[in-house]
Amino acid sequence: MSNAVTRFAPSPTGHLHIGGARTALFCWAFAKKLGGRFMIRIEDTDQARSSEASARGILEDLAWLGLEWDDGPALDWHNRTIGGQSRDVGSYYQSKRLPIYNKVVDDMIERGIAYADFTPESELKALRAAAQAANQTFRFHPPADKILSVPHQRERIAKGEPHVVRFRAREEAVSVVDQVLGEVSFSASEVDDFVLRKADGFPTYHFGVVVDDEHMGVTHVLRGQEHLMNTPKHVALQKALGYRTPMYAHMPLIFNDAGAKMSKRERDQTARKAMKDRNITASPVPEIIDNASFSAWLGDTKRQLETGQLEALAAQQSLALPEVSVDDFRRAGYLPGVICNFIALLGWNPGENIEKFDMDFLAKNFNVERIGKSNARFDRKKLLSFNADAIAKLSDEQFLSELRAWAATHAPAELNAFLAGPSATLLAKTFRPRTKTLRDIIAATRFLFTADASYPFDRAAVDKNLLANSNAGLDHLRRMAADFAQLTDAAWTVERLSAYFEEVVAAHKLANAGVLAQPLRVALTGTTVSPGIAETLVLLGRQRSIIRIQRCLLECKG
RNA sequence: GGCCCCGUCGUCUAGCCUGGUCCAGGACACCACCCUUUCACGGUGGGGACAUGGGUUCGAAUCCCAUCGGGGUCACCA
């Protein structure tokens, strides 16, 4: 046991990003390895963007991934509770910790290491613009004589004048020993008089983090490299407040295909580009996205649609959107263990050419020494391969249960009904080796759920497999139809039908069973692609199979 | 632009700290062949990298310097 405490501190402004998931994973693994505690804190200090629904969604994403927290908000998850108040450190929601921050702020003002600043925002903007025009970096760091006396500050605060409270930065360089990057030095000018408390009374990110990490006993901060330049601010604050400085480890970023930080905006960008390429200017799904919002979104590259809207648009347009959030991957039918395995590899590896591992392995073997320094591109093809491998390693029973759990919320009713029926086991056994993500099942089983009278026959498939060589395929079909009519439902099994094909091949000296299978496949599914032909027949059932063959015989004449 | 980080096959990486065992190993992707009842799976094989230029050294992917390239960050967002 150790007293190490790591924390993952998301801001609830959307779904859990895959990069955030990796941060959480590493924090979790680090705590587990050391026998310490893993904590979740919700950084909901942006009143406009934060939502309780999003916080809940993120907690569910974490729980689904298997990243259970020792301390943090309570979440009911599959008949038990994760988290809850287990240490006496107050709320894990920053928005509920305002008195704590205010006490620290008041104290800092009194000590002269923070001050109320009444500069209007418009003025700040102008200063910033001027600095940029002069090709200089804007730093807010007024000389001491420009800062109001403490009583004067108090007086104006008491009058209710709008203001922020700023840190009074000392002019000194800060050096941080990062566990991944080594010693990193920042010059004094990197830390200016940044805001601690916003005009709305909420703490800024920098202030909330520093105060809470101290009060919550956080010992190790593992976070993305995008936070590296925040570190001198945090360390300067810690020093000013007499806090301990936790161990820092900044991990490399996760990149998209374009070689930039992976972001949630990519899905909108992909969809927007497709709309422009296809010259679509009006909403293709007007009942979900009205035309005004659609064109506003189309014209503004910063605008984002809601998840449901984006999904509807993508579905209607047959667009494949890149998965970015944990929820995207979950809906796409990836296994949580695979996601964790894969993202762990983006920045960390156990050495010795080991690539596939589970959560137990991570909890036992994780270490910061093996976190890499360079950014990693997120290769969806490799992830897909990992997922397919993991599914291949599942037993049929495990696969079926994973599939049922996923389908319950992500698949159409017909598939769920089938998965509850007598042929569910056969379906699982049949499709498991051809499944890369659980969602593949939907497309692969579509032929089962279209009406016997309405699935289309692919012209080229009919020509090649039924009509070629003077209707050779149709002749086979006719004979099989007659034979099938003789069979009983009890004989309608994979074993019996496989034997039947062998018998026919031998009796008629056919080249191979494909001569029979392909015409049948076209008759049963309208296409040349399906699982093994015996399995296809059994999945469909004797009656439907015969109906389909008859229909094909009627409709697919030369 | 300032500051900071990074730079091994197309991609993720092992090796780098503690130079020689590396004409650089693995994985995904790609290509070819095999298997085959279509698709998928599976099997075998193949092409493919130390960013560049200088040093140091008997010897450098490994140490040093420079250049180039990529990224991050510069809010009353987090």
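Here the structure is shown first, and the text comes after it.
Bear in mind that the values here come from a model prediction, so they are computed numbers and not experimental data.

K.L.:
How should I be thinking about the protein's contact with RNA strand B in this particular structure?
P.N.:
Looking at RNA strand B, there are 63 residues lining it, with Lys 198, Glu 355, Arg 434, Arg 521 and Ser 530 nearest. In RNA strand B, atoms within 4 Å of the protein come 71% from sugar and phosphate. Lys 373 is positioned such that a nitrogen or oxygen atom in its side chain is 3.4 Å from a phosphate oxygen of RNA strand B. A distance of 3.5 Å is found between a sugar or linking oxygen of RNA strand B and a backbone nitrogen or oxygen belonging to Pro 433. Contributions of two or more residues to the surface near RNA strand B are made by helix 4 (121-133), strand 6 (164-167), strand 8 (182-186), helix 6 (205-215), strand 13 (376-377), helix 14 (380-393) and helix 22 (514-525). Among the residues making up the surface near RNA strand B, the classes are represented as 20 nonpolar, 23 polar and 20 charged.

K.L.:
Explanation requested: unusual backbone geometry in the structure shown.
P.N.:
Most peptide bonds take the trans form, and the phi angle of most residues other than glycine is negative. At Asn 79, a position not held by glycine, the phi torsion is positive, near 70°. Tracing the sequence through the fold places Asn 79 in the loop between strand 3 (72-77) and strand 4 (80-84). In this model, Lys 509 sits at a positive phi of 50°, which is unusual for a non-glycine residue. Counting through the fold element by element, Lys 509 comes out in the loop between helix 21 (494-507) and helix 22. With relative accessibility at 73%, the residue Lys 509 sits in the exposed group.

K.L.:
Honestly, the nonpolar core in this entry has me stumped. Any pointers?
P.N.:
A general feature of soluble globular proteins is that nonpolar side chains tend to end up buried together. The biggest cluster of nonpolar side chains holds 120 residues, and the ones touching the most others in it are Leu 25, Phe 38, Phe 378, Leu 477, Phe 484, Phe 501 and Leu 520. Non-local contacts of Phe 378, meaning those with residues more than four positions away in its chain, are made with Ile 18, Ile 254, Phe 255, Asp 257, Met 262, Phe 329, Phe 342, Ile 343, Leu 346 and Leu 383. In terms of nonpolar packing, the next biggest core, distinct from the first, is built from 23 residues, Ile 113, Ala 114, Val 191 and Val 211 among them.

K.L.:
I tried to follow the environment of Val 218 on my own but got confused; where do I start?
P.N.:
For Val 218, the position within the fold is in the loop between helix 6 and strand 10 (220-224). Of the residues examined, Val 218 reaches a relative accessible area of 9% and is grouped as buried. The spatial distance from the C-alpha of Val 218 to the C-alpha of Asn 3 is 9.2 Å, given a sequence separation of 215 residues.

K.L.:
Help me understand the packing of helix 3 (residues 98-111) against helix 5 (residues 150-158), please; the structure alone is not making it clear to me.
P.N.:
Helix-helix packing: each pair is described by the crossing angle between the helix axes and the interaxial distance. Close contact between helix 3 and helix 5 brings their axes to 9 Å; oriented N to C, the two are set at 140°. It follows from the interaxial angle that helix 3 and helix 5 lie oblique. Listed contacts from helix 5 to Asp 106, Ile 109 and Glu 110 of helix 3 are Val 150, Gln 153 and Arg 154.

Rules used in this analysis
- Residues numbered from 1 in each chain as written.
- Chains lettered and ligands numbered in written order.
- Predicted model: local features only at pLDDT ≥ 70, side-chain atom pairs only at ≥ 80, totals over all residues.
- Heavy atoms only, no water.
- Near = heavy atom within 4 Å.
- Polar contact = N/O pair within 3.5 Å; in protein donor to acceptor, adjacent residues only side chain to side chain.
- Helix = DSSP H or I, 4+ residues; strand = E, 2+ residues; numbered from the N terminus.
- Nonpolar A, V, L, I, M, F, W, Y, C, P; charged D, E, K, R; others polar.
- Buried < 20%, exposed > 50% of the residue type's maximum accessible area, 1.4 Å probe, protein only.
- Core = buried A, V, L, I, M, F, W, Y, C linked by side-chain atoms within 4.5 Å.
- Contact = heavy atoms within 4.5 Å.
- Axes fitted to C-alpha atoms, helices over the stretch in contact; angles between N-to-C directions.
- Parallel < 35°, antiparallel > 145°, perpendicular 65-115°, else oblique.

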